[in-house]
Amino acid sequence: MADLAEAKAVGVTAGPRGRAVKQKTGRDDWLMRGFMLVIGLYLLIALAFPLFAMLSKSFEAYEFRLQHVEIELWQDGAWSPAETLQDYAARMEGPLNDGLVPSERTRIQALELIPKELREATPRYRFRDLSPEKEMILYDGVLSQDESWLEAEAENLRRVLIRPVAHFSAGNYLRYFSTPTLRQSITNSLFISTLTMLIVVPLAFFFAYALTRSRMPFKGVFKTVAMMPILVPSILPGIALIYLFGKQGIINWVLFGADIYGPIGIVIAASFFTFPHAFIIVLVALSISDARLYEASTVLRASRWRTFWTVTIPGARYGLISAAFVVFTLTITDFGSVKVIGGQYNVLALDIYKQVVGQQNFQMGAVVSMVLLIPAVIAFAVDRQAQKRQVALLSARAVPFSPKRHRRFDFAMLGYCSLIAVFIAGILAICQYAAFVKLWPYNHTMVLENYDFNRMDGGGWSSYGNSIVMSLATAVIGTLIVFTGAYMVEKGRGFQHGRSAFQLLAMMPMAIPGMVLGLAYVFFFNNPDNPVNFIYGTMIILVVSTVTHFYTVAHLTAVTALKQMDNEFEAVSASLKQPFYRMFSKVTVPVCLPAILDISIYLFVNAMTTVSAVVFLYSSDTQLASIAALNMEDAGDTAPAAAMCMMIFYVNVFVRLLHAGATRGIYTTTQAWRTR
């Protein structure tokens, strides 16, 4: 019966003489495929199309085609013979427009191309554009789109502007790799990411090792503290390091004169916010262990050191590989901490911000984004391959490992975990203390002035409310989209190619840095010809970008929960002629409710703390708390920025507590079957 149910679940039944006969596609199958196509279309619009728009933008170069613009001067009561602007430009001394590389926003005043002696003797001018594009001449901001003459008086010549024309070229990439300062950003990013990876992974491993291989006390407390950095934006450790090791820091003497602004500060800040990600991966890897292997090692009289290298490390190697690439990717794509503590040390993520916000050079910003995408995609691909090679470490006969009490070892592990916990708690504590200080470092009177965000340059309390609204919308809408999509992929029948394509789209966001996605949205949704252009600058685009940015982990969580449900449920439902949506609402959702809550809290917390994915997308009406903190720090209001970061932390802690209470209630009332 079980085999028959399994066969029905995949759309195959036993025909005459035992031959497999494929079932006809029913109404439920078409409905499920329709739902999957709708969510797949969402991923195309929210991910694939913006990335393609950014790729196209990176190959968009501009040039002044002055040979296509003709000019005539009114002299001696008649118009002079027509000449091109290129002819006039050739007579000028020095490079065109001071050698500025043409971009989308570059403009040249027509008078700059006419020799001074001619300007003084000519009362009127007229121009015409003979280029195929008809997009070169602007008069008072209005584009001349035909070949007719555009006439201007001498006093109005400044209002005639010549703009460059776009064309497809790899010149942006050539210019990027030929610019030493930009090229150095690649080396800096790889160095910082590799160094952080080499520091964080061993620290996280021994922290997880202490929790799983020792009998030290307060394990729950240490695990809670280790996860705290997830609840704050990545700019918080940068702010804390300024108060600790800056020029007027509390313990700046620890650095022996070294400057915290630069690689030292970036690595410390990155180590703080990547530690919990590495820790949780390694903790899961070390938690899956068979006590029989350790018993065999003891019987063979192997030392603890030899057991560590022959049993523990091989069992956790894939977890270590995954943790290493997660840390590498998070570090190389981070923007917040680098913006605060990076100083003049350029990295790829900061270069994107400088090119777009600082220089308004969107084409070069797209180029840097594509360059940043390469190491992130490679790291993701290697990590996925490593996970595919992982084999099961627990068999049906496995015995759960339970560490034995070893006083000296337990005490050593307690001391090590205490040091890590003090570092994490200290970063949070110094930010909270700074948020209460009246004027650092001169007046340490405890006040609440720094929480008066409405008086600050970077943002007000409205940004905090916007973040909560956006996070709630992301949690609700994102959970609905993610879980529904995962259900259609995991429990749907047939349509194998469509399901595979959907799975590919669902996995892509994990390899896309937040800043890359945000800039891609600028290119795609800010296009007036785009039918969904109306969401640009609204709260909707912030929700869409955040759901898309964190889609993969939520999707994998949903798929893991759905895989725990046997396909026999769907087969029985089909045999009872029940529509799939009734099975989904009455059985699947209640069974997977803990995973659904996990997805929602994951999306909420990340929406509250995200910086890079939304830094290009907010407007004056939709500014978020994390962006307000970044802007306040940039404006010199460091203490209010710390206060805003701590407010983000507190709302995330509150929501986490609600989640813990709700999960416990659900397990008690609807999940009792799990403990039978």
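Residues numbered from 1 in each chain as written. Predicted model: local features only at pLDDT ≥ 70, side-chain atom pairs only at ≥ 80, totals over all residues. Heavy atoms only, no water.

Draft legend 1. Spotlight on the overall build of the chain. Helix and strand content of the chain: 25 helices and 15 strands. Within the chain, the fraction of its 676 residues that count as buried is 52%. Sequence separation of at least 24 residues holds for 76% of the intrachain contacts in the chain that already meet a minimum separation of 6. When the accessible surface of the chain is split by element, carbon and sulfur atoms take 62% of a total near 32300 Å². (Helix = DSSP H or I, 4+ residues; strand = E, 2+ residues; numbered from the N terminus. Buried < 20%, exposed > 50% of the residue type's maximum accessible area, 1.4 Å probe, protein only. Contact = heavy atoms within 4.5 Å. Areas by Shrake-Rupley, 256 points an atom, 1.4 Å probe, with all protein chains shown as cover.)

Draft legend 2. Quick look at the sheet that holds strand β7 (residues 108-109). The strand order across the open sheet formed by four strands is β7-β12-β9-β10, and the pairing between neighbours is antiparallel. Of all strands in the sheet, those bounded by a partner on one side alone are β7 and β10 (142-143). (Pairing = 2+ DSSP bridges.)

Draft legend 3. Fine view of the pattern of salt bridges. According to the stated counting rule, one finds nine salt bridges in the structure shown. Between K57 and E60 there is a salt bridge whose closest N-O contact spans 3.1 Å. Here R455 ties to D452 by a salt bridge, and the two come within 3.8 Å at their closest N and O atoms. (Salt bridge = Lys/Arg side-chain N within 4 Å of Asp/Glu carboxyl O.)

Draft legend 4. Just empty space enclosed by the protein, in detail. Scanning all chains against the criterion turns up three cavities of 30 Å³ or more. Taken as a whole, the largest cavity encloses approximately 70 Å³ of empty space. Those elements giving two or more residues to the lining of the largest cavity turn out to be α6 (180-213), α9 (263-287), α11 (304-333) and α12 (336-341). Grouping the amino acids of the lining of the largest cavity by side-chain chemistry returns eight nonpolar, four polar and one charged. What lines the second largest cavity is D29, M32, R33, M36, M488, G492, R493, F495 and R499. Counting residues per element, the lining of the second largest cavity draws most heavily on helix α2 (residues 27-58), at four residues. Residues that form the lining of the second largest cavity fall into these classes: four nonpolar, one polar and four charged. (1 Å grid on protein atoms, 1.4 Å probe; cavity = no way out; pocket = protein on both sides within 12 Å on 5 of 7 lines; lining within 4 Å. Points joined across faces, edges and corners; volume = space filled by probe spheres on them. Nonpolar A, V, L, I, M, F, W, Y, C, P; charged D, E, K, R; others polar.)

Draft legend 5. Structural detail: the packing of helix α16 (residues 461-491) against helix α19 (residues 539-549). Contact pair α16 / α19: the axes reach a minimum separation of 9 Å and the direction vectors enclose 55 degrees. Viewed along their axes, α16 and α19 adopt a mutual orientation that is oblique. For α16 against α19, the interelement crossing comes out right-handed. For the pair α16 and α19, the contacting residues are N466, M470, A473, T474, I477 and G478 in the first and M539, L542, V543, T546 and V547 in the second. Tallied by class, residues from the contact of α16 with α19 come to seven nonpolar, four polar and no charged. (Axes fitted to C-alpha atoms, helices over the stretch in contact; angles between N-to-C directions. Parallel < 35°, antiparallel > 145°, perpendicular 65-115°, else oblique. Left-handed = near helix turned anticlockwise from the far one by under 90°.)

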